[in-house]
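Here's the letter readout for the chains.
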Amino acid sequence: MRVLQIARPALGGMRRHLEGLCAGLPSAGVEPLLVWPDDAPAPPDCGAVAPMRACIGARPHPVRDLAAACQCAARARGCDLVHGHGLRGAWVAALASALARRPLIATLHNLAPAGVGPLPRLALRLALGRARAVIAVSQAVLISGAALGIRPGRCRVVPNGIDVARLGGPGGAGWRAAAGVDAGTPLVAAVGRLAPEKGFEILVHAAARLRAAWPGVVVVIAGDGPERGRLEAMVGECGARGAVRFLGEIPCVAPLLAAADVVAVPSIREGQGIAALEAMASRTAVVASRAGGLPETVIDGVTGLLVAPGDPADLAAAIGSLLGDVAARERLAEAARADVEARFTIETMIRRTAEVYRACAG
């Protein structure tokens, strides 16, 4: 079976999802063919068939979207299914699948955006209405999709899965040594796209509060995005200078996660939370906001701690409680690793996605 994968991914979670999906589908008897935006960074390695570039812009545009759909339709005619990822990917995939007369699958990776205008809402409703199945990465995403007119009977929740084997190994001491962070220094890490919905502004303010009880604390943020300049300026303004470091986009987060005492996931809106999953698999204690799909990923008091979204004081208090309690960190971290192995492996995600393909290919 061949499946055309169409996406307009931002840096971060959706890209990592597609990398894992495209790498793992051949083991399930599915050949993925990836379509990647022509203005995006280099696409992931998808094996024998090189990804195709298409003009999938960040915002809707009737002429460019139709041109992209025509490009995709030419390749879709050699496929059994068309799979669109995210709202932009689903829209272009819907047009391409109609032109190529191939069944459509769509995956919603994020909560439905608020304030969508009537015309874009109608277009998305028509696009998703064509899909034989709509996959949501969490129950929260599925519920939010009702605003776009998705019928629950065609929806399946298939959580993101991660490659557990590459996380949780040694490497933390090496990262600390390379970064000049002493073994005894409290280290808090965060990973993600520097965008408003990820809540890094809340973490910067929490870092300023943490310094009162933990003067030497280091908060490291890995990732890039449109908010970076504003966040860097905010560090000095709120009294966190010297406590917060920005690493930019890094090729591998595993050593950083292994080095950290606590990983913070301060999102205001979150579809599921791949960063939380990666931290949990790394056997590092997680403090996450009670936003979107994160409560489905992190079980409060069992596999991590949940705090009120948008509340720096609550975030700082939870992080501080774990910095001061090694036994609690270890208990949460081990339970989190076991939960990821039970519910959120890449193998489970691949198997369940392939089951959706086979059910819809007829």
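Above: the structure in question.
Residues numbered from 1 in each chain as written. Predicted model: local features only at pLDDT ≥ 70, side-chain atom pairs only at ≥ 80, totals over all residues. Heavy atoms only, no water.

Enquirer: Is there a simple way to explain the overall build of the chain in this structure?
Expert: Scanning the chain from terminus to terminus reveals 14 helices and 13 strands. Computed over the C-alpha atoms, the radius of gyration of the chain is 21 Å, within 12% of the 21 Å expected from 2.2 N^0.38 for a compact globule of 362 residues. Across the chain, every contact between residues at least 6 apart in sequence was considered, and the portion connecting residues at least 24 apart equals 68%. (Helix = DSSP H or I, 4+ residues; strand = E, 2+ residues; numbered from the N terminus. Rg over C-alpha atoms; globule rule 2.2 N^0.38 Å. Contact = heavy atoms within 4.5 Å.)

Enquirer: Any chance you could explain the pairing of strand E2 (residues 31–37) here in plain terms?
Expert: Along any regular strand the residues' side chains alternate between the sheet's two faces. Among the seven residues of E2, six are classified as buried, and the element is accordingly described as predominantly covered. With five bridges connecting them, strand E1 (residues 2–7) and E2 associate as parallel partners. Within E2, the residue paired with Arg 2 across the bridge is Glu 31. Where E2 lies against strand E3 (residues 52–54), three bridges are found, and the strand directions are parallel. Its bridge partner lying in E3, Trp 36 is registered against Arg 53. (Buried < 20%, exposed > 50% of the residue type's maximum accessible area, 1.4 Å probe, protein only. Pairing = 2+ DSSP bridges.)

Enquirer: Is there a simple way to think about unusual backbone geometry in this case?
Expert: Glycine aside, residues mostly have negative phi, and peptide bonds are mostly found in the trans state. Of note in the backbone geometry, Arg 101 takes a positive phi value of approximately 60° without being a glycine. Relative to the assigned elements, Arg 101 resides in the loop between helix H3 (86–100) and strand E5 (104–108). What makes Arg 101 exposed here is its relative accessible area of 76%. A positive phi angle is found at Arg 283, which is not glycine, with a value near 60°. Within the element layout of this structure, Arg 283 appears in the loop between helix H10 (274–281) and strand E12 (285–289). We classify Arg 283 as partly exposed; its relative accessible area is 36%.

Enquirer: How do you make sense of the nonpolar core when you look at a structure like this?
Expert: In a soluble, globular protein the nonpolar side chains are often hidden away together inside. Leu 4, Ile 6, Val 35, Ile 56, Cys 72 and Leu 128 are the most contacted members of the largest nonpolar core, which totals 38 residues. Counting residues per element, this core draws most heavily on H3, at six residues. Apart from residues no more than four positions distant in its own chain, Ile 56 is found in contact with Ile 6, Ala 7, Arg 8, Val 35, Pro 37, Asp 39, Ala 68 and Val 92. (Core = buried A, V, L, I, M, F, W, Y, C linked by side-chain atoms within 4.5 Å.)

Enquirer: What exactly am I supposed to notice about the packing of helix H7 (residues 200–213) against helix H12 (residues 312–323) here?
Expert: How two helices pack is summed up by the angle between their axes together with the distance between the axes. Packing of H7 against H12 brings their axes to within 8 Å, and their N-to-C directions diverge by 55°. By the angle class used here, H7 and H12 are oblique. The crossing of H7 and H12 is right-handed. Across the interface between the two elements, Ile 202, Leu 203, His 205, Ala 206, Arg 209 and Leu 210 from H7 touch Pro 312, Ala 313, Leu 315, Ala 316, Ile 319 and Gly 320 from H12. Across the contact of H7 with H12, the residue classes break down as nine nonpolar, two polar and one charged. (Axes fitted to C-alpha atoms, helices over the stretch in contact; angles between N-to-C directions. Parallel < 35°, antiparallel > 145°, perpendicular 65-115°, else oblique. Left-handed = near helix turned anticlockwise from the far one by under 90°. Nonpolar A, V, L, I, M, F, W, Y, C, P; charged D, E, K, R; others polar.)

Enquirer: I tried to follow the sheet that holds E3 on my own but got confused; where do I start?
Expert: The pairing of strands in a sheet comes from backbone hydrogen bonds and takes either a parallel or an antiparallel form. Spatial ordering of the open sheet is given by E3-E2-E1-E4-E5-E6-E7, a layout of seven strands whose pairing is parallel. Only two strands of the sheet have a single partner each, and these edge strands are E3 and strand E7 (155–157). Taken over all neighbouring pairs, the strand axes of this sheet differ in orientation by 25° on average, direction set aside. In terms of strand pairing, strand E4 (residues 81–85) meets E5 through four bridges, oriented parallel. Within E5, the residue paired with His 85 across the bridge is Thr 107.

Enquirer: How do you make sense of H3 when you look at a structure like this?
Expert: Each α-helix turn comprises 3.6 residues. Residues three or four places apart therefore point the same way. With 15 residues, H3 should reach 21 Å at 1.5 Å per residue; the first-to-last C-alpha distance of 20 Å fits that figure. Looking only at H3, the buried set comprises Gly 86, Arg 88, Gly 89, Ala 90, Val 92, Ala 93, Ala 94, Ala 96, Ser 97 and Ala 100. Tucked into the core, H3 has its buried residues touching E1, helix H1 (13–24), helix H2 (62–76), E4, E5 and helix H4 (118–129). Count one or two residues on from H3 and you reach Arg 101, which has phi positive near 60°. (Expected span 1.5 Å × (residues − 1).)

Enquirer: What should I look at first to understand the side chain of Asp 65 in this one?
Expert: With respect to the element layout, Asp 65 can be found in helix H2. By relative accessible area, Asp 65 is classed as buried at 3%. A polar contact is formed between the side chain of Asp 65 and the side chain of Arg 88, at a distance of 2.8 Å. If near-sequence neighbours (up to four positions away) are discounted, Asp 65 is found in contact with Pro 60, Arg 88, Trp 91, Val 92 and Leu 95. (Polar contact = N/O pair within 3.5 Å; in protein donor to acceptor, adjacent residues only side chain to side chain.)

Enquirer: What should I look at first to understand the pattern of salt bridges in this one?
Expert: When charged atoms on two side chains of opposite charge get close, those side chains can pair. If you walk through the whole model with that rule in mind, you get 18 salt bridges. Of the charged contacts in the structure, one is a salt bridge between Asp 39 and Arg 8, with a shortest N-O distance of 2.5 Å. Residue Asp 39 is found in the loop between E2 and E3, and its partner Arg 8 is found in the loop between E1 and H1; the two are separated by 31 residues along the sequence. Asp 261 is the salt-bridge partner of Arg 329, the closest N and O atoms lying 3.7 Å from each other. A residue pair is termed long-range when its members are at least 10 positions apart, and Arg 329 in helix H13 (residues 326–343) and Asp 261 in the loop between helix H9 (254–259) and strand E11 (262–265) qualify at 68 residues. Asp 261 shares its class with Arg 329; the two are buried. (Salt bridge = Lys/Arg side-chain N within 4 Å of Asp/Glu carboxyl O.)

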